[in-house]
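Here is how the chains run, residue by residue.
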Amino acid sequence: MQGEAVTLQLGHYAGCVGAHWWGLQASALRSPAEAAELRAAALLRAGREAGGRESHTPRLVALELKGGVGALRPGGAGTEAPVAWDGEVAAYLERASAGGSAPRDAGSRTEDASSDRKGSSSALVQGASPAPSRLAVSQEVYSGGSVQVWSDYLNVHLHPKSIYVIRQYMHDGECDCLEAFGQGESLLQDPGCIEELEDRLHFYVEECDYLQGFQVLCDLHNGFSGVGAKVTELLYDEYSGKGILTWGLTPVMSNMGGSQKNFYRLMNTALGIVHLSSHSSFFCPLSLSGSLGIKPQPPITFPYINYDASLNYHSSAILAAVLDTLTAPYRLCSSQGSMMHLAETLNFSGRKVVAACASVPFPALRGYSLPDTLCAYQQDMPWKLLSSCREQKVSCCFAQSVVLRGICKESHISSCPEKQATSPLHACESTEQILQHYLHTVFPGAFSTSHVLEQPCNTLPPYPQFFSPLLTRQGFLLDKPPSYSSAAVESIPVLAALQSSPVLHTLLYSLYKDLQKLNMRRWPSFFSAGVEQDDFQEALQELRALSQCYEMGSEADESEDEADSD
């Protein structure tokens, strides 16, 4: 049975990814209804505006710190949306009044959500109704420098039940920060906080016709990892049998060296992975950072995206496009697939952690068929690992769920007829068969499920325009740069996969070894926040046991030898 999902955003970077994700849903709603292959109702709740026009709001509960929601009111974005205008528009840019929230200058500071400033009508538009004033200033606003918090580029209307501001901690500053796992756990032990969360969850759950489960977007690098641990435990206890798909999000961090913040990040990450995975149907670390360990690595690069890794506005946009693609299997109009079904294809044999891979955009040449494109990648997939894992020289996985979107169903017909006799891919009769055949060739023995969608990933504002000039308006590759100024990229094809893969042994075991080397007595403040030393050591052993679920033969021998030497 097709059903609905409730989404939780826990933390500021989760809010950044979420704001872009909801923007992608809004863009999809503005596309022709007959072209939609993904159900809007899976993530959005339908309603009616005062004039009778249909509106959509996310089925969302977002936990944020004081000062982290900018112009949004603590109770959400209000209940009324601006009136949509379908006629011609003349846009005028004028100075914002004291009570407004026009796009802020790069140097301005974010105000606390409890201030008297009202939410911007132009920034909080119903999903189906773009605001002309935002379009008029899109190039200025979405350059990235003017963005302070995720509400600056949130272009959908939120229900008053969506935003819950945690007032004990500040979003930005040197003191009163939610920086340790134990602090986050303690928050969710407060009866008032639990009551607020449960009230909001019940509101959305009770209006669902059939609840599939919960999508949890959680900051992994700070104290929200502790919040997420308690939230997933609550969901696991109260909604038995429902899917809980948890995404541990980490922004690209600057080189923090041997700072306290870096060691806190490492310990929060390890504790978060152990606790979040134990109460989730699966857990996926998602980041453009090259490493989650103690040694920094350069951020992930993409051949056709020129993004600024230091801007959360940029990195979160890429992750949102990936997330929107990875979650497609349980949002399809034509399928009865569910969140639990997706999880069960990946999490067998105790492998509750999965890795994400993606090609953003998928490198499809304009005018070429899907077989023509894939034939250029016979040895390795054209994607990048986005779970801060070291790239493997040999493609290998136990199971995977793969989604390719933005590819025409007629793309199986080659533009080079002479290739059809030599390539098995060209002999396939559909794009679905082509992708499945390709996956079985590159990943022999793996359990692979796949979907091919014509519906692309929309990249209209507020999505950043950081694409290569080699891309067409539809995101396909040109043979050479155009001689004229290229138009904005309005959509892109995306290839993304969730994998249960041996590469996760490297990630998990490396974290374990990094933490084993630390002198925990140097960080008493981390443990005074609520985590006992014995509990931390127990979590480390659980992390090691989790890593062993992904071992291949040689890796198993290596870890046994190291265990004997401990």
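See the structure printed just above.
Since the model is a prediction, treat every value here as computed from it, not as a measurement. (Residues numbered from 1 in each chain as written. Predicted model: local features only at pLDDT ≥ 70, side-chain atom pairs only at ≥ 80, totals over all residues. Heavy atoms only, no water.)

Turning next to unusual backbone geometry. The step from valine 360 to proline 361 runs through a cis peptide bond, and the omega angle for that step is -10°. Following the sequence through the fold, proline 361 ends up in the loop between strand E9 (355–359) and helix H10 (370–374). Here the bond from proline 461 into proline 462 is cis, since omega is 15°, no more than 30 degrees from zero. Tracing the chain through its elements places proline 462 in the loop between strand E13 (457–458) and strand E14 (491–492). Phi is positive for serine 349, close to 60°, though the residue is something other than glycine. Here serine 349 lies in the loop between helix H9 (339–344) and E9. (Helix = DSSP H or I, 4+ residues; strand = E, 2+ residues; numbered from the N terminus.)

Let's shift gears to a negative patch on the surface. On the surface, Glu532, Asp534, Asp535, Glu538 and Glu542 cluster together into a patch of negative charge. Note on placement: glutamate 542 falls in helix H15 (residues 533–548). What makes glutamate 542 partly exposed here is its relative accessible area of 39%. (Patch = residues over 30% accessible without salt bridge, like charges linked within 9 Å, V, L, I, M, F, W, Y side chains within 5 Å. Areas by Shrake-Rupley, 256 points an atom, 1.4 Å probe, with all protein chains shown as cover. Salt bridge = Lys/Arg side-chain N within 4 Å of Asp/Glu carboxyl O. Lys, Arg positive; Asp, Glu negative; His and termini not counted. Charge placed at Lys NZ, Arg CZ, Asp CG, Glu CD. Buried < 20%, exposed > 50% of the residue type's maximum accessible area, 1.4 Å probe, protein only.)

Moving on: helix H6 (residues 224–238). Three- or four-residue spacings in an α-helix give side chains the same orientation, since the helix completes a turn every 3.6 residues. With 15 residues, H6 ought to run about 21 Å at 1.5 Å a step, and its terminal C-alpha atoms sit 21 Å apart, in line with that. Every buried residue of H6 is listed here: Phe224, Ser225, Gly226, Val227, Gly228, Ala229, Val231, Thr232, Leu234 and Leu235. (Expected span 1.5 Å × (residues − 1).)

What follows concerns the side chain of glutamine 499. Among the secondary structure elements, glutamine 499 is positioned in strand E15 (residues 494–500). Judged by relative accessible area, glutamine 499 falls into the buried class, the value being 4%. Once you skip the residues sitting within four places of it in the chain, glutamine 499 turns out to touch Val354, Ala355, Cys357, Trp383, Cys397, Ala399, Gln400, Phe443 and Leu504. (Contact = heavy atoms within 4.5 Å.)

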